[in-house]
Amino acid sequence: LRLKLTGADVARLAQRGTDDPRAYQLFLKGRHFSVGTADEMDRGLEAFQEAVRLDPGYAMAHAAIADAFMTRALHGTSDPRDALLAARSALDRAIAIDPDLPEAHIVAGNIRLLFEWDGPAAEAAFRRAVEVAPGSADAHMELAYSLWALERPAEALEQSLLARDLDPLSRGPMHHVGFTYLVSRQYVKAIEAFTQTLDVHTEWVWGYVKRGVARAYDGQSEKALEDAKRAESLMRASGETPLLRSCLGVLYARAGDQAAARSCI
């Protein structure tokens, strides 16, 4: 089982890391809060920014800052133009430090997919990330999302399952499996996947919203509304985002609570 690393592999591993354990801990903290409520995303961005203050050469932390600003633009918690400018600036810094950084290619792919609407270019960026880091769950996960957007659900599910196998306890890969089943209208499997995620991440607001949507589409309106109430409780505790509120509106509408759905507009 001994691995044989090339000189380029060794250089890449050394360049992407940090010698400062405090910066690494902040990076892990930021990853934990990277997507969630408004307060959680603020905490995630602050952790990444503190990590690069401690180690300005920490390429992954710069890429994480780019991803955090892009996510704020997507969720509507920041002005999209300002957030994307900040994202591209941090992304340029990450690539300058390490041109082969898979996390940087992932962010680039998401910007192309979500804001430039260029699916083929996004797929190319994600495949580049997979090429340089075939063991990265994030790379396979984001490739799956682009394949779904390109209307290739079977390939998307294959990549989502591979991402989950690579990182079975992180909510990102677990979420993508559930999401792929959801958009493929395999609601029972989607409910099962989101439930498995929520068993581990019990306060994950997006998990309740998306499981609720799957339950609503499966005709389980009462259970769907239970998920909506749990999501509302978590949002009151730590803030909401426009994207989160709009998805909750879809859940309420599909579950039959029209008044609650209208309140989300």
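Everything that follows concerns the structure shown earlier in this document.
Described in the following lines is the structure provided in the data block. (Residues numbered from 1 in each chain as written. Predicted model: local features only at pLDDT ≥ 70, side-chain atom pairs only at ≥ 80, totals over all residues. Heavy atoms only, no water.)

1. A look at the nonpolar core
In step 1: Formed by 32 residues in total, the largest nonpolar core has its most connected members in F27, F48, A51, Y58, I65, L91 and L101.
In step 2: Broken down by secondary-structure element, the contributors of at least two residues to this core are α2 (21-32), α3 (38-54), α4 (59-75), α5 (80-97) and α6 (102-114).
In step 3: The next biggest cluster of nonpolar side chains, apart from the first, holds 31 residues, and it includes Y187, Y208, A214 and A255. (Core = buried A, V, L, I, M, F, W, Y, C linked by side-chain atoms within 4.5 Å. Buried < 20%, exposed > 50% of the residue type's maximum accessible area, 1.4 Å probe, protein only. Helix = DSSP H or I, 4+ residues; strand = E, 2+ residues; numbered from the N terminus.)

2. Things to note about the state of the cysteines
In step 1: Going through the model one piece at a time under the given rule, you end up with zero disulfides.
In step 2: The structure places no disulfide on C247, whose sulfur is separated from the nearest cysteine sulfur, that of C264, by 10 Å. (Disulfide = S-S within 2.5 Å.)

3. Overview of the packing of aromatic side chains
In step 1: Counted by the stated rule, this structure contains six aromatic pairs.
In step 2: Seen in terms of ring centroids, Y145 and F179 are 5.8 Å apart; in terms of plane orientation they differ by 45°. Their pairing is tilted. With Y145 in helix α8 (residues 137-149) and F179 in helix α10 (residues 171-183), this residue pair connects regions lying 34 residues apart in the sequence.
In step 3: A relative accessible area of 13% places F179 in the buried class.
In step 4: Pairing Y187 with Y217 gives two aromatic rings, centres 5.5 Å apart and planes at 20°, and the pair type is stacked. (Phe/Tyr/Trp six-rings, centres within 6.5 Å; stacked < 30°, edge-to-face > 60°.)

4. Points about the packing of α8 against helix α9 (residues 153-166)
In step 1: Following both chains from N to C, one finds α8 and α9 inclined at 160°, their axes separated by 8 Å at the closest point. On the basis of the axis angle, α8 is roughly antiparallel to α9. Judged by the sense of rotation from one axis to the other, the crossing of α8 with α9 is left-handed. Every residue of α9 that contacts α8 at A137, H140, M141, L143, A144, L147 and W148 is listed here: E155, A156, Q159, S160, L162, A163 and L166.
In step 2: Within the contact of α8 with α9, the residues separate by chemical class into ten nonpolar, three polar and one charged. (Axes fitted to C-alpha atoms, helices over the stretch in contact; angles between N-to-C directions. Parallel < 35°, antiparallel > 145°, perpendicular 65-115°, else oblique. Left-handed = near helix turned anticlockwise from the far one by under 90°. Contact = heavy atoms within 4.5 Å. Nonpolar A, V, L, I, M, F, W, Y, C, P; charged D, E, K, R; others polar.)

5. Remarks on the side chain of D227
In step 1: Along the chain, D227 falls in helix α13 (residues 221-238).
In step 2: According to the relative accessible area criterion, D227 is buried, its value standing at 2%.
In step 3: Setting aside residues no more than four positions away along its own chain, D227 makes contact with Y208, R211, G212 and R215.

6. A few points about the layout of surface pockets
In step 1: Reported here for the largest pocket is a volume of approximately 1400 Å³.
In step 2: As for the largest pocket, its lining consists of 47 residues, and the residues nearest its centre are V35, M141, E142, H175 and H176.
In step 3: Listed by contribution, the elements that provide at least two residues to the lining of the largest pocket are α2, α4, α6, α8, α10, α12 (205-217) and α14 (242-255).
In step 4: The element contributing the most residues to the lining of the largest pocket is α4, with nine residues.
In step 5: Counted by class, the lining of the largest pocket contains 29 nonpolar, ten polar and eight charged residues. (1 Å grid on protein atoms, 1.4 Å probe; cavity = no way out; pocket = protein on both sides within 12 Å on 5 of 7 lines; lining within 4 Å. Points joined across faces, edges and corners; volume = space filled by probe spheres on them.)

7. So, α8
In step 1: Between its terminal C-alpha atoms α8 stretches 19 Å, which fits the 18 Å expected from 13 residues at 1.5 Å a residue.
In step 2: Among the 13 residues in α8, ten count as buried, and that is most of the element.
In step 3: Along its buried surface, α8 packs onto α2, α6, α7 (119-132), α9 and α10.
In step 4: A positive backbone phi angle near 60° is found at E151, which sits one or two residues after α8. (Expected span 1.5 Å × (residues − 1).)

8. Let's talk about unusual backbone geometry
For residues other than glycine, phi is negative in most cases, and the peptide bonds are mostly trans.
In step 1: One non-glycine residue with positive phi stands out, namely W117, at about 55°.
In step 2: By secondary structure assignment, the location of W117 is in the loop between α6 and α7.
In step 3: Note on W117: relative accessible area 75%, which makes it exposed.
In step 4: Phi is positive for R185, close to 65°, though the residue is something other than glycine.
In step 5: The topology assignment puts R185 in the loop between α10 and α11 (187-200).
In step 6: Residue classification places R185 among the exposed positions, given a relative accessible area of 67%.

9. A look at the pattern of salt bridges
In step 1: Within the structure shown, the criterion is met by 14 salt bridges.
In step 2: Linking E116 and R88 is a salt bridge whose minimum nitrogen-to-oxygen distance equals 3.2 Å. Of this pair, E116 sits in the loop between α6 and α7 while R88 sits in helix α5, and the two are 28 residues apart along the sequence.
In step 3: Note that E232 is salt-bridged to R245, the shortest N-O span being 3.1 Å. One end of the pair, E232, is in helix α13; the other, R245, is in helix α14, and 13 residues separate them in sequence.
In step 4: Each of E123, R127, R152 and E155 takes part in one network of salt bridges that share partners. (Salt bridge = Lys/Arg side-chain N within 4 Å of Asp/Glu carboxyl O.)

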